[in-house]
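Here are the chains, one letter per residue:
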Protein chains: 2
Amino acid sequence: MESLTIGRLARLGGVNLETIRYYEREKLLQEPPRTPGGYRLFPTETVRRLRFIKRAQELGFSLSEIRELLALRMKPGSRREHIRARAEAKIADIEQKIRTLTSMKNTLRNLTERCDGCGPLSDCPILESLDEEVSE
Amino acid sequence: MESLTIGRLARLGGVNLETIRYYEREKLLQEPPRTPGGYRLFPTETVRRLRFIKRAQELGFSLSEIRELLALRMKPGSRREHIRARAEAKIADIEQKIRTLTSMKNTLRNLTERCDGCGPLSDCPILESLDEEVSE
DNA sequence: GTAAACCCTGTACCTAAGTACAGAGTCAAG
DNA sequence: CTTGACTCTGTACTTAGGTACAGGGTTTAC
């Protein structure tokens, strides 16, 4: 199994090198083995994990929520039912996000379609309705 | 048309009063009219705007992205084609977010289903695949 | 017409999520 | 076996997005 120095990992994952050490401190990455001289050696799949973290952040998950998501798979001692419940909760979160995004998209779609026909946009109050469509 | 003092608006919108002044400085809310004594008087639809901002934030939009979204409707002078292009770009963003969320959801769904049947989760590397499924 | 409750501006402070050194040690290519 | 690129720990700084006063004026309810 290949392994990566922190600098290589940072380049492959598209993040700053210091960010990796930060994630390690914050328990988003587990402490990697070291060379005799103390250099970190990360398993190559850490690249995927970094990319996952970035993606989840862009979707509005905080680092501690992401930590939880990742922990769903990593805890050997936890009970199935417990994990299952937490996964269901995450799924519900995600579905809500999808619903909101879908309604934002529809609203924007309307905007572009409707405004093909009408003149200046000043009195096209479509986005004003976004918040309504989007409410629970 | 009813109007709201800043304190009422804050309560109705579920945000801190200082946040409203902050949003005004940051041009997410336009400067409201004032009473003779200098008190802000917000139109009631500002409540909906506040709620929209909060929702969009939860979906990972930064305040400046949200400012752009809101501006899609507010600029009377802009050209239709220009606005249309920006709306299309936002729609593409949103669709990408939806795709990523959908694949996260499916992965989690898999996790709960599969682990109904299997024993301890330690070697259920399902989430490890999230980052792959989720890549572009 | 005076408290209590509100709001004003301005400035300082806070948290999350990084980023940037400094000073010192390690690795690897020639 | 040295030189340049890399990494280490530790501490300090930064940015976005707020929050919290202080000191003073305004409204409203009696």
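Structure shown above.
Reading the values: rules and limits
- Residues numbered from 1 in each chain as written.
- Chains lettered and ligands numbered in written order.
- Predicted model: local features only at pLDDT ≥ 70, side-chain atom pairs only at ≥ 80, totals over all residues.
- Heavy atoms only, no water.
- Helix = DSSP H or I, 4+ residues; strand = E, 2+ residues; numbered from the N terminus.
- Buried < 20%, exposed > 50% of the residue type's maximum accessible area, 1.4 Å probe, protein only.
- Contact = heavy atoms within 4.5 Å.
- Areas by Shrake-Rupley, 256 points an atom, 1.4 Å probe, with all protein chains shown as cover.
- Arc of directions from axis to C-beta.
- Core = buried A, V, L, I, M, F, W, Y, C linked by side-chain atoms within 4.5 Å.
- Polar contact = N/O pair within 3.5 Å; in protein donor to acceptor, adjacent residues only side chain to side chain.
- Near = heavy atom within 4 Å.
- Nonpolar A, V, L, I, M, F, W, Y, C, P; charged D, E, K, R; others polar.
- Axes fitted to C-alpha atoms, helices over the stretch in contact; angles between N-to-C directions.
- Parallel < 35°, antiparallel > 145°, perpendicular 65-115°, else oblique.
- Expected span 1.5 Å × (residues − 1).

(A) Quick look at the overall build of chain A. When helices and strands are counted, chain A shows 6 helices and 2 strands. Along chain A, helices and strands appear, N-terminal first, in the series β-α-α-β-α-α-α-α. Here chain A holds 136 residues, and 43% of them are scored as buried. Within chain A, residue pairs in contact and separated by at least 24 positions form 48% of the contacts whose partners lie at least 6 positions apart. Counting every atom, chain A has about 7,500 Å² of accessible surface; 48% of that belongs to carbon and sulfur.

(B) Broad picture of helix H1 (residues 6-13) of chain B. Residue and element names in this part refer to chain B. When we look at burial in H1, the residues that qualify are Ile 6, Gly 7, Leu 9, Ala 10 and Gly 13. On an axial view of H1, the arc spanned by its buried residues comes to 165°, and they lie on one face. In this fold, the buried residues of H1 make contact with strand S1 (3-4), helix H2 (17-25), strand S2 (42-43) and helix H3 (46-58). Immediately downstream of H1, the backbone of Gly 14 shows phi near 70°, a positive value.

(C) Fine view of unusual backbone geometry. Residue and element names in this part refer to chain A. Look at Lys 27: it is not a glycine, yet its phi comes out positive at around 65°. Mapped onto the elements, Lys 27 comes out in the loop between helix H2 (17-25) and strand S2 (42-43). Given a relative accessible area of 60%, Lys 27 falls into the exposed group.

(D) Here's a closer look at the nonpolar core. In this structure, A:Ile20, A:Phe61, A:Ile66, B:Ile20, B:Phe61 and B:Ile66 are the most contacted members of the largest nonpolar core, which totals 62 residues. Excluding residues that lie within four positions of it along the chain, A:Ile66 makes contacts with A:Leu28, A:Phe52, A:Ile53, A:Ala56, A:Gln57 and A:Phe61.

(E) Quick peek at the side chain of A:Glu24. Residue and element names in this part refer to chain A. Along the polypeptide, Glu 24 turns up in helix H2. The class of Glu 24 is buried, set by a relative accessible area of 9%. A polar side-chain atom of Glu 24 sits 2.7 Å from a polar atom in the side chain of Arg 40. Not counting residues up to four positions away in its chain, the partners in contact with Glu 24 are Leu 29, Glu 31, Pro 32, Arg 34, Arg 40 and Phe 42.

(F) Region of the structure containing the protein's contact with DNA strand D. Close to DNA strand D lie 20 residues, the nearest being A:Arg21, A:Tyr39, B:Thr19, B:Tyr39 and B:Gln57. Counted by atom, the contact set of DNA strand D within 4 Å of the protein is 71% sugar and phosphate. The side chain of A:Tyr39 places a nitrogen or oxygen atom 2.6 Å from a base oxygen of DNA strand D. Within the residue set of the surface near DNA strand D, elements represented by two or more residues are helix H1 (6-13) and H2 of chain A together with H2 of chain B. Examining the composition of the surface near DNA strand D, we find that 4 residues originate from one element, H2(B), more than from any other. The residue makeup of the surface near DNA strand D, split by class, is 7 nonpolar, 9 polar and 4 charged.

(G) The packing of H1(B) against H2(B), seen in detail. All names here are of chain B. It is at 8 Å that the axes of H1 and H2 come closest, and there the two elements cross at 105°. With respect to their mutual orientation, H1 and H2 come out roughly perpendicular. Contacts between H1 and H2 pair Ile 6, Gly 7, Leu 9 and Ala 10 from the former with Leu 17, Ile 20 and Arg 21 from the latter.

(H) Structural view of the protein's contact with DNA strand C. Close contacts around DNA strand C come from 20 residues, with A:Tyr39, A:Gln57, B:Arg21, B:Tyr39 and B:Arg40 the closest. Put simply, 72% of the atoms of DNA strand C that lie within 4 Å of the protein are in sugar or phosphate. Interatomic distance of 2.9 Å between a backbone N/O atom of B:Gly7 and a phosphate oxygen of DNA strand C. Between DNA strand C and the protein, one listed contact pairs a phosphate oxygen with a side-chain N or O atom of B:Arg34 at 3.2 Å.

(I) Region of the structure containing H3(B). Over its 13 residues, H3(B) extends 19 Å from the first C-alpha to the last, a length consistent with the 18 Å expected when each residue adds 1.5 Å. Positive phi appears at B:Gly60, one or two residues downstream of H3(B), with a value of about 90°.

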